[in-house]
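Coordinates in review
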Amino acid sequence: MPPRAKAFMPVGYYKSSSEAVQLNIEEFEVFRLLDYEGLTQVEAAKLMQVSRSGVARIYEKARYKLAKALTEAKKINIEGGSNLFDNDWYECERCNSKFNNPARESPRVCPLCNSAFIHMVNN
Ligand SMILES: [Zn+2]
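Report follows, based on the coordinates.

Here is what the cut-offs are and how they apply
Residues numbered from 1 in each chain as written. Predicted model: local features only at pLDDT ≥ 70, side-chain atom pairs only at ≥ 80, totals over all residues. Heavy atoms only, no water. Helix = DSSP H or I, 4+ residues; strand = E, 2+ residues; numbered from the N terminus. Buried < 20%, exposed > 50% of the residue type's maximum accessible area, 1.4 Å probe, protein only. Contact = heavy atoms within 4.5 Å. Areas by Shrake-Rupley, 256 points an atom, 1.4 Å probe, with all protein chains shown as cover. Axes fitted to C-alpha atoms, helices over the stretch in contact; angles between N-to-C directions. Parallel < 35°, antiparallel > 145°, perpendicular 65-115°, else oblique. Nonpolar A, V, L, I, M, F, W, Y, C, P; charged D, E, K, R; others polar. Pairing = 2+ DSSP bridges. Donors = N, O, S within 2.8 Å, 3.2 Å for Na, K, Ca; no water. Tetrahedral: all angles 85-135°; square planar, octahedral: opposite > 155°, others 65-115°.

What to know about the overall build of the protein
Looking only at helices and strands, one finds 3 helices and 6 strands in the protein. Secondary structure elements of the protein, listed N to C terminal, follow the sequence β-β-α-α-α-β-β-β-β. Counting only residues that meet the buried cut, the protein has 33% of its 123 residues in that class. Intrachain contacts of the protein at a sequence separation of at least 6 include 57% that bridge at least 24 residues. Surface accessibility of the protein: about 8,400 Å² in total, with carbon and sulfur atoms responsible for 51%.

Rendered as structure tokens:
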């Protein structure tokens, strides 16, 4: 699943001119798998099809970025990333499910409810 929010904004002290922290999708996903789902680095590596040291590196970056954002009251943008979700995501306007297209063909209907009212979710 792609992240539910595209960005997080500090409340209270916040300078809109201050640079946002850019958290890419891989960093978000590693952080989520390890700290939210409670997976080990080995399990996360298997799931993401990257090496364990790769997971450790991404995790390190994600934690530093999140610590920086929380400490310095910076906006967090979740975006980009290439390895994990390198195909397009779509959203169903009827059931709100999000799905992608591993076959790289544009889907015509929602795989869950068969609605034709779907649109591409831009990253
Ligand atoms: Zn649907």
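Considering the packing of helix α1 (residues 25-36) against helix α3 (residues 52-72)
Any two packed helices are characterised by how steeply their axes cross, that is the angle between the axes, and by the distance between the axes. It is the contact of α1 with α3, at a shortest axis distance of 8 Å, that shows an interaxial angle of 95 degrees. When the axes of α1 and α3 are compared, the pair comes out roughly perpendicular. Where α1 abuts α3, its residues Glu 26, Glu 27, Val 30, Phe 31, Leu 34 and Asp 35 lie against Val 55, Ile 58, Tyr 59, Lys 61, Ala 62, Arg 63, Lys 65 and Leu 66. Of the residues belonging to the contact of α1 with α3, the class tally is 8 nonpolar, no polar and 6 charged.

Overview of the sheet that holds strand β1 (residues 7-8)
Pairing within the open sheet is mixed, and its 3 strands lie in the order β1-β3-β2. Only two strands of the sheet have a single partner each, and these edge strands are β1 and β2 (21-23). Here 2 bridges tie β1 to strand β3 (residues 76-78), and the two strands are oriented antiparallel to one another. The residue bridging Ala 7 from the neighbouring strand is Asn 77, located in β3. On top of the sheet, α3 reaches β2 and β3; it is set at about 145 degrees to β2, its chief contact.

What about the coordination of the zinc ion?
Coordination of the zinc ion by the protein comes from Cys 92 (SG), Cys 95 (SG), Cys 110 (SG) and Cys 113 (SG), over a distance range of 2.2 to 2.4 Å. Around the zinc ion sit 4 donor atoms, and with donor-metal-donor angles ranging over 106 to 118 degrees the site reads as tetrahedral. The sequence pattern describing where the donors of the zinc ion fall on their chain is C-x2-C-x14-C-x2-C. Given a relative accessible area of 22%, Cys 113 falls into the partly exposed group.

Observations concerning the sheet that holds strand β4 (residues 89-92)
With antiparallel pairing, the 3 strands of this open sheet are ordered in space as β5-β4-β6. Because the sheet does not close on itself, it has two edges, and the strands there are β5 (98-100) and β6 (118-121). Sheet twist, expressed as the mean angle between neighbouring strand axes with direction ignored, is 35 degrees. Direction of pairing for β4 relative to β5: antiparallel, over a ladder of 3 bridges. Within β5, the residue paired with Tyr 90 across the bridge is Phe 99.

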